[in-house]
Amino acid sequence: MESTSEFLNIKDVSTAFKINGKYYDAISHINLEVHHDEILAIVGESGCGKSTLATTIMGLHDPAETKISGEVDFEGTNLLTLNEAGYNKFRGAKIGMIFQDPLSALNPLKRIEDQISEVMDYHTNFTAEQKHDRVLELLDQVGIVNPKRTAHQFPHELSGGMRQRVIIAIAIACKPDLIIADEPTTALDVTIQAQILDVLREIQKENHAGIILITHDLGVVAETADRVAVMYAGQIVEQGSAEQIFNTPKHPYTRSLLRSMPQLENQNDDLYVIQGNVPSLQRMPHEGDRFAPRIPWVPESAHEKDPVMHVIETGHEVRCTCYKEFKFPDEAEDVKA
Ligand SMILES: Nc1ncnc2c1ncn2[C@@H]1O[C@H](COP(=O)(O)OP(=O)(O)OP(=O)(O)O)[C@@H](O)[C@H]1O
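Residues numbered from 1 in each chain as written. Predicted model: local features only at pLDDT ≥ 70, side-chain atom pairs only at ≥ 80, totals over all residues.

You'll find the protein chain entered in an unreviewed UniProt entry as ABC-type dipeptide oligopeptide nickel transport system, ATPase component, with Companilactobacillus kimchiensis given as the organism. In its Sequence similarities (unreviewed entry) section, the UniProt record describing the protein chain reads: "Belongs to the ABC transporter superfamily." Its UniProt record, at the heading Subcellular location (unreviewed entry), says of the protein chain: "Cell membrane". (UniProt positions renumbered as here; feature names shortened; annotations may be inferred.)

> An account of the overall build of the protein chain is needed here, citing residue identities and associated values.
For the protein chain, the helix and strand inventory stands at 11 helices and 12 strands. In terms of overall dimensions, the protein chain is globule-like: its C-alpha atoms have a radius of gyration of 21 Å, near the 20 Å expected for 337 residues. Referenced to the eigenvectors of the C-alpha coordinate spread, the extents of the protein chain come out at roughly 70 × 45 × 40 Å. Within the protein chain, contacts between residues at least 6 apart in sequence are counted, and of these 63% link residues at least 24 apart. (Helix = DSSP H or I, 4+ residues; strand = E, 2+ residues; numbered from the N terminus. Rg over C-alpha atoms; globule rule 2.2 N^0.38 Å. Contact = placed C-beta atoms within 7 Å.)

> Describe helix 7 (residues 160-172), and please don't skip the residues or the numbers.
A rise of 1.5 Å per residue sets the reference length of helix 7, with its 13 residues, at 18 Å; its end C-alpha atoms lie 19 Å apart and thus fit the reference within 8%. Counting buried residues along helix 7, 11 of its 13 residues qualify, which places the element largely inside the surrounding structure. Within the sequence span of helix 7, burial applies to Met-162, Arg-163, Gln-164, Arg-165, Val-166, Ile-167, Ile-168, Ala-169, Ile-170, Ala-171 and Ile-172. (Expected span 1.5 Å × (residues − 1). Buried ≥ 20, exposed ≤ 12 C-beta atoms within 10 Å, placed from the backbone.)

> Describe the packing of helix 7 against helix 8 (residues 190-207), with residues and values.
Contact pair helix 7 / helix 8: the axes reach a minimum separation of 10 Å and the direction vectors enclose 15°. When the axes of helix 7 and helix 8 are compared, the pair comes out roughly parallel. Of the two elements, helix 7 crosses helix 8, and the hand of that crossing is right-handed. Where helix 7 approaches helix 8, its residues Gly-160, Gly-161, Gln-164, Arg-165, Ile-168 and Ile-172 are matched on the opposing element by Ile-192, Gln-195, Ile-196, Val-199, Ile-203 and Asn-207. (Axes fitted to C-alpha atoms, helices over the stretch in contact; angles between N-to-C directions. Parallel < 35°, antiparallel > 145°, perpendicular 65-115°, else oblique. Left-handed = near helix turned anticlockwise from the far one by under 90°.)

> Help me get a handle on the site of the ligand, residues and values and all.
Taken together, 14 residues surround the ligand, and among them Phe-17, Ala-26, Ser-46, Ser-51 and Thr-52 come closest. At the level of elements, strand 1 (6-19) and helix 1 (50-57) are the ones that each hand at least two residues to the shell around the ligand. When residues of the shell around the ligand are assigned to their parent elements, the largest contribution, three residues, is made by helix 1. Of the residues assigned to the shell around the ligand, the class counts are five nonpolar, eight polar and one charged. (Near = placed C-beta within 6 Å. Nonpolar A, V, L, I, M, F, W, Y, C, P; charged D, E, K, R; others polar.)

> Can you tell me about the nonpolar core, naming the residues and giving the values?
Ala-169 and Val-230 are the most contacted members of the largest nonpolar core, which totals 78 residues. Sequence-distant contacts of Ala-169, that is, excluding residues within four places in its chain, are made with Ile-116, Leu-138, Leu-139 and Val-142. (Core = buried A, V, L, I, M, F, W, Y, C linked by C-beta atoms within 7 Å.)

> Describe the pairing of strand 12 (residues 316-319), listing the residues and the values that go with them.
Side chains on a regular strand alternate between the two faces of the sheet. The pairing of strand 10 (residues 235-241) with strand 12 spans two bridges and is antiparallel. Note that in strand 12 the partner of Gln-239 across the bridge is Glu-317. Note: strand 11 (residues 309-313) against strand 12, four bridges, orientation antiparallel. Counted as the bridge partner of Val-311 is Glu-317 from strand 12. (Pairing = 2+ DSSP bridges.)

> Describe unusual backbone geometry, with residues and values.
One non-glycine residue, His-29, lies in positive phi territory at about 50°. Note on placement: His-29 falls in strand 2 (residues 22-35). The backbone of Glu-183 shows a phi angle near 50°, a positive value even though the residue is not glycine. Take Glu-183: it is sitting in the loop between strand 7 (178-182) and helix 8. Owing to 20 C-beta atoms within 10 Å, Glu-183 belongs among the buried residues under this scheme.

> Residue-level account of the sheet that holds strand 9 (residues 227-232), with values.
One open sheet accounts for eight strands, arranged 6-7-8-3-9-10-12-11; its pairing is mixed. Of all strands in the sheet, those bounded by a partner on one side alone are strand 6 (95-98) and strand 11. Adjacent strand axes in the sheet meet at a mean angle of 20°, parallel and antiparallel pairs treated alike. One ladder, built from four bridges, connects strand 3 (residues 38-43) with strand 9; its direction is parallel. Paired with Leu-40 across the two strands is Arg-227, which belongs to strand 9.

> Describe in detail the environment of Gly-49, supporting the description with residues and values.
Structurally, the position occupied by Gly-49 is in the loop between strand 3 and helix 1. Of the residues examined, Gly-49 has 24 C-beta atoms within 10 Å and is grouped as buried. With 23 residues separating them along the chain, Gly-49 and Ala-26 place their C-alpha atoms 5.8 Å apart. Among residues more than four places away in sequence, those in contact with Gly-49 are Ala-26, Ile-27, Met-231 and Gly-234.

> Can you break down the confidence of the model for the protein chain residue by residue, with the values?
Here the protein chain averages 90 in pLDDT, while 94% of its residues score no lower than 70. Within the protein chain, no element has a lower average pLDDT than helix 3 (residues 102-105), which sits at 74, and none a higher one than strand 9, at 98. Taken together, the chains of this predicted complex give a pTM of 0.91 and an interface ipTM of 0.97. (pLDDT = per-residue confidence, 0-100.)

> Let's hear about the packing of helix 4 (residues 112-123) against helix 5 (residues 128-141): which residues, and what values?
The geometry of a pair of packed helices is captured by two quantities: the angle between their axes and the separation between those axes. Contact pair helix 4 / helix 5: the axes reach a minimum separation of 10 Å and the direction vectors enclose 115°. Compared by their axis directions, helix 4 and helix 5 come out roughly perpendicular. The way helix 4 lies across helix 5 gives a crossing that is right-handed. Contact residues: helix 4 offers Glu-113, Ile-116, Ser-117 and Met-120, while helix 5 offers Lys-131, Arg-134, Val-135 and Leu-138. For the contact of helix 4 with helix 5, the class distribution of residues is four nonpolar, one polar and three charged.

Laid out in structure tokens, this is it:
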């Protein structure tokens, strides 16, 4: 078992989209590692670039509309150098993907068994019997109570939670080393969310997979992640173990996200609301801390001109030195909101 070895190494990756003939970065200079046997959560508000990072790793962008630079080293192959045929050998086999909307990811006209078998047709030499057995085994693994019955059903006959379990079964059918789950529980109600997160954790343990879990929901992160990368406006602003991020968050954005989350720092207070919005790609600041406009009471001098990541302790990094003097308005009398 390759326990904690890194097998996905994202090096200096930027992805720019063409808008009205000009390219704008949606993610800028991303550096991240994913290890076997871990769940890495990528967290941030809508529009911070989380999905763009996932689709960049998976090679899902139209090269005519996108400019991608850097390296995505997956088990010794730089995925960014692959053509479509090359990528197809990885997708569904060594890399599985779970999307937010389980209904649109399933074919309404095909029985569940056929949809799970399909991915094995492409990536394995299993006989019909082996595939059938594996389908039942997978449905059982993702917590479907009656695998035989579900295998015969069509997607519209299943609840949202069951459909998402089926999507997970498809994603893990070929025992991928890496699973990318983009908002896998967002469309589900809270109790079902918890069940799906349990399934993901179980799979990570059983298959020794590395999972990238993309979410805007810090509650999901707290329940599930081993490590956390916080993204803001296309950059990683902080990363560390889940413990470091939840117990000793540093970047003002991380702290603001935590403060705006019900039931953490603010059990008895009104919920904190982060001022302003994530900037659009065309309005992305090119200098200074990109989060600075949303904490206007912090003097400009507190921010670096070109913020870089600083190592605070092993595994814990934060962008910009402004964290050193950052306070919320109600924490200091001499600051004005
Ligand atoms: N194909 C595209 N063309 C142009 N801009 C895009 C494209 N895809 C995403 N964007 C922009 O890139 C930025 C990052 O979007 P992305 O979807 O990656 O963010 P996200 O953090 O995953 O948010 P969400 O959870 O809402 O998907 C946003 O400003 C978005 O409008």
